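# Reading the structure
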Amino acid sequence: VSRDNVELVSEPSTRIEPEGIRTADGRLHEVDVIVHATGFQPLDRTGGAEIVGRNLLTLREAWKDGPEAYLGVSVSGFPNMFILYGPNTHLGHHSILFMVECQIDYVLKAIGSLDGEPNRILDVDPEVQRRYNEELQRDLAGTAFAAGCASWYKTGDGRVVNNWPASIEAYKERTAVFEPKDYTR
């Protein structure tokens, strides 16, 4: 930790509150951004956290049949939550860092669209997310990732939920422009 405004906290988190994160020792850590790193659990991307969205829907329940997101970044029903290295952004042919850089650029554009207003939200339209994931599964159907074997790439019913089916250039193009019309406010 090389900056005065950064602190490494190793105490377990017990609660996220409007002001920040409360740890097991009872201390409240005020935050602007929360980074939740889950490790390598490709089908359970919640990392044990109980993430609650609209209508008290948990991310675990939303993803009970396998994780999916829009552009691997946004999940319908979870406003203002953005994911890096989310569903269907894994690569077998290039560095994941390129994908994460595209995602960071996209998320910054999304956040910028909120104009710094404290109560504005972005929630990807469920129909936009559904169409996007149907397209992904069509594109993935003819790849080696969808071959007739069990693997960490896919769910028990055969949906490929980890890999991106195209080139990194195609992903960069898909994430280059933030489209507010894809989101409800």
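Structure shown above.
Read on for a plain summary of the structure. (Residues numbered from 1 in each chain as written. Predicted model: local features only at pLDDT ≥ 70, side-chain atom pairs only at ≥ 80, totals over all residues. Heavy atoms only, no water.)

### Notes on the packing of helix H2 (residues 96-112) against helix H4 (residues 168-175)
Running from N to C, H2 and H4 point in directions that differ by 5 degrees, and their axes come no closer than 9 Å. Judged by the inter-axis angle, H2 sits roughly parallel to H4. Contacts from Phe 98, Met 99, Cys 102, Gln 103, Tyr 106 and Lys 109 in H2 reach Ile 168, Tyr 171, Lys 172 and Thr 175 in H4. Of the residues contributing to the contact of H2 with H4, the split by class is six nonpolar, two polar and two charged. (Axes fitted to C-alpha atoms, helices over the stretch in contact; angles between N-to-C directions. Helix = DSSP H or I, 4+ residues; strand = E, 2+ residues; numbered from the N terminus. Parallel < 35°, antiparallel > 145°, perpendicular 65-115°, else oblique. Contact = heavy atoms within 4.5 Å. Nonpolar A, V, L, I, M, F, W, Y, C, P; charged D, E, K, R; others polar.)

### Section: the pattern of salt bridges
Two side chains that carry opposite charge are able to pair once their charged atoms sit near each other. Tallied over the entire structure, the rule returns 12 salt bridges. Notably, a salt bridge pairs Arg 54 with Asp 123, separated by 3.1 Å at the nearest N-O pair. With Arg 54 in the loop between strand E3 (28-30) and helix H1 (59-62) and Asp 123 in strand E4 (residues 123-124), this pair connects stretches of sequence that are 69 residues apart. Using a relative accessible area of 33% as the deciding quantity, one classes Arg 54 as partly exposed. For Asp 123, a relative accessible area of 4% translates into the label buried. Across the pair Glu 127 and Arg 131 runs a salt bridge, and its minimum N-O distance is 3.8 Å. A residue pair is termed a helical-turn pair when its members lie 3 or 4 positions apart in one helix, as Glu 127 and Arg 131 do in helix H3 (residues 126-140) at four residues. Overall, Glu 127 belongs to the partly exposed group, its relative accessible area being 33%. (Salt bridge = Lys/Arg side-chain N within 4 Å of Asp/Glu carboxyl O. Buried < 20%, exposed > 50% of the residue type's maximum accessible area, 1.4 Å probe, protein only.)

### Brief notes about the environment of Cys 149
For Cys 149, the position within the fold is in the loop between H3 and H4. A sequence separation of 31 residues divides Cys 149 from Pro 180, and the C-alpha atoms of the two residues are 39 Å apart.

### Observations regarding H2
Given a rise of 1.5 Å per residue, 17 residues ought to cover 24 Å, and the 24 Å separating the end C-alpha atoms of H2 matches this to within 8%. On its buried side, H2 packs onto H4 and strand E5 (183-184). (Expected span 1.5 Å × (residues − 1).)

### Concerning the sheet that holds strand E2 (residues 20-23)
In spatial order, the strands read E1-E2-E3; together these three strands make up an open sheet with antiparallel pairing. For this open sheet the edge positions go to strand E1 (13-17) and E3, each flanked by a neighbour on one side alone. The sheet shows a mean angle of 25 degrees between the axes of neighbouring strands, direction not considered. As paired strands, E1 and E2 are joined by four bridges and run antiparallel to one another. Looking at E2, one finds that Ser 13 is bridged to Thr 23. (Pairing = 2+ DSSP bridges.)

### Looking at the side chain of Asp 123
Separated by 3.1 Å, the side chains of Asp 123 and Arg 54 make a polar contact. Sequence-distant contacts of Asp 123, defined by excluding residues within four places in its chain, comprise Arg 54, Val 75, Ser 76, Gly 77, Phe 78, Pro 79, Tyr 183 and Thr 184. (Polar contact = N/O pair within 3.5 Å; in protein donor to acceptor, adjacent residues only side chain to side chain.)

### Observations concerning the nonpolar core
Across soluble globular proteins, nonpolar side chains have a tendency to be buried as a group. Tyr 70, Tyr 106, Trp 164 and Tyr 183 are the most contacted members of the largest nonpolar core, which totals 20 residues. Secondary-structure elements contributing two or more residues to this core are H2, H3 and H4. At five residues, the largest contribution of residues to this core is made by H2. Tyr 70 has contacts with Tyr 106, Val 124, Val 128, Gln 129, Tyr 132, Asp 182 and Tyr 183, leaving out every residue within four places of it along the chain. Counting residues in each nonpolar core, the second largest holds seven residues, with Leu 59, Trp 63, Val 75 and Phe 78 among its members. (Core = buried A, V, L, I, M, F, W, Y, C linked by side-chain atoms within 4.5 Å.)

Functional significance is not addressed by these values, which are geometric in nature.
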